[in-house]
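If you want the building blocks of each chain, they are given just below.
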Amino acid sequence: MTRTAHLRLLTMLLLLCLPFAGALAQEVRTVTGEYTYYGDDNTTKKEAVQRAIEGARLQALAKAFGTTVTQTLISDETLDGSSENTFFKSLSETEVKGEWIEDIGEPEIRYEVDGDGNPIVHCRIKGRARELSNKGADFEVAVLRNGTELRNADTRFRSGDDMRIYFKAPVDGYVAIYLTDDSRMAYTLLPYSHSEEGYVKVKHGKEYVFFDSRLADSSHGEVDEMQMMTDKAAEHDRFYILFSPKPFIKANDTFTSDRVPRSLTFNEFHRWLSKTRKNDPYLSCKQIDIVINGTPE
């Protein structure tokens, strides 16, 4: 091939790649949304603000990518004297066809209280998001309270309760679990504290119960068993469960002591999560919010 022909071929390849690169660049979009949350006398200010932010994000995603209607099963817990009752109910809910990647700037929050003392929070938000695709696997996950079976799934804990996580994936892959709390810190729960990997390997179709030494997979290393603790009346935490058929690099966390999981700041964690999700279109991330009620005096 002559030098001229080689240059022509290279030019043609570059021109062919340009539309593809443009399509990748358009995959992440800038979106905006706003939402007003109306709380009741049981809603704390922090909880009301968080729900307003989440509502604004969902509104932005729905406006940009549309919605679908799905059926979901939820549980709730009530106390009747010394007995505890759990009931389940089915809800039809609307799900957006996009996923939030990161905020751009701080959400604009307007907080006020109505005549009955109930919080009203208006949020306006701007961020980066992308349309959901079929690339990410839809895995099964549940947070378990004081048990190892799916019937122990719950999102309300009391300080001192044991915590485990059920997981099952449709394909072989890699899992990591992080937790953020009210102090705006993020903690690496899985892989376990003595592991040097950024994930644990799982096999398709196999049911896993993490944070239980009796049911542990030996390939995942020494197990950290977890209790949910708080010295507050109520603490709101969020689990981030990540799964991908491809390995990914873990967050740049720090090990401080044997009693505390490896950690990093809330902002550092979200910068890492945003970069990881941008770089891996096959990465699925599910979030589960829990409440830990402090032990009464």
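Residues numbered from 1 in each chain as written. Predicted model: local features only at pLDDT ≥ 70, side-chain atom pairs only at ≥ 80, totals over all residues. Heavy atoms only, no water.

1. Focus on the overall build of the chain
Within the chain one finds 3 helices and 17 strands. Here the chain holds 297 residues, and the buried ones make up 39% of them. Considering only intrachain contacts with a sequence separation of at least 6, the fraction spanning at least 24 residues in the chain is 71%. Accessible area for the chain stands at about 17600 Å²; split by element, carbon and sulfur atoms hold 50% of it. (Helix = DSSP H or I, 4+ residues; strand = E, 2+ residues; numbered from the N terminus. Buried < 20%, exposed > 50% of the residue type's maximum accessible area, 1.4 Å probe, protein only. Contact = heavy atoms within 4.5 Å. Areas by Shrake-Rupley, 256 points an atom, 1.4 Å probe, with all protein chains shown as cover.)

2. Overview of helix α3 (residues 266-279)
For α3, spanning 14 residues, the distance from its first C-alpha to its last is 20 Å, which sits close to the expected 20 Å at 1.5 Å a residue. For α3, every residue scored as buried is listed here: Phe269, Trp272, Leu273, Ser274, Thr276 and Arg277. (Expected span 1.5 Å × (residues − 1).)

3. Focus: the packing of aromatic side chains
Scanning the model with the defined rule gives 12 aromatic pairs in all. Judged by centre distance (5.7 Å) and plane angle (80 degrees), the ring pair of Tyr192 and Phe211 falls under edge-to-face. Here Tyr192 is found in the loop between β11 (185-190) and β12 (200-202), whereas its partner Phe211 is found in the loop between β13 (208-210) and β14 (226-228), with 19 residues between them in sequence. For the pair Tyr192 and Phe211, a shared accessibility class is recorded, and that class is buried. Three or more aromatic residues link up through ring pairs in this structure, and these residues are Phe139, Phe167, Tyr208, Phe210 and Phe243. Here the basic side chain of Lys45 rests over the ring of Tyr111, its NZ or CZ set 4.8 Å away from the ring centre. Positioned above the aromatic ring of Phe139, the side-chain terminus of Lys286 is 4.7 Å from the ring centre. (Phe/Tyr/Trp six-rings, centres within 6.5 Å; stacked < 30°, edge-to-face > 60°. Lys NZ or Arg CZ within 6 Å of the ring centre and 35° of its normal.)

4. Regarding the environment of Asp138
Looking at the secondary structure, you find Asp138 in the loop between β6 (119-131) and β7 (140-145). Among the residues examined, Asp138 registers a relative accessible area of 63% and is labelled exposed. Note: C-alpha distance between Asp138 and Lys286 (148 residues apart in sequence) is 9.3 Å. Not counting chain neighbours up to four residues away, the residues in contact with Asp138 comprise Pro170 and Lys286. Separated by 2.9 Å, the side chains of Asp138 and Lys286 make a polar contact. (Polar contact = N/O pair within 3.5 Å; in protein donor to acceptor, adjacent residues only side chain to side chain.)

5. Some points on the confidence of the model for the chain
The predicted model of the chain has a mean per-residue pLDDT of 80, with 80% of residues at 70 or higher. Below pLDDT 50 for its whole length, residues 3-26 participates in 2 contacts with residues either more than four positions away or in separate chains. Within the model, the stretch residues 69-93 combines pLDDT values under 50 with 44 contacts to residues more than four positions away or in other chains. (pLDDT = per-residue confidence, 0-100.)

6. What about unusual backbone geometry?
Cis geometry marks the peptide bond from Leu190 to Pro191, where omega comes out at 10 degrees. You will see that Arg184, though not glycine, has its phi angle at about 60 degrees, which is positive. The topology assignment puts Arg184 in the loop between β10 (173-180) and β11. A relative accessible area of 44% places Arg184 in the partly exposed class.

7. Looking at the pairing of β10
The side chains of a regular strand alternate, residue by residue, between the two faces of the sheet. Here β10 lies mainly inside the structure; 8 of its 8 residues are buried. The side-chain alternation of β10 yields two buried faces, one formed by Gly173, Val175, Ile177 and Leu179 and the other by Tyr174, Ala176, Tyr178 and Thr180. One ladder, built from 3 bridges, connects β10 with β12; its direction is antiparallel. Bridge pairing in β12 links Val175 to Val200. Two elements, β10 and strand β15 (residues 234-244), share 7 bridges in a ladder whose sense is antiparallel. Counted as the bridge partner of Leu179 is Phe239 from β15. Both β10 and β11 contribute to a ladder of 4 bridges, which runs antiparallel. Residue pairing for β11: Leu179 is matched across the bridge by Tyr187. (Pairing = 2+ DSSP bridges.)

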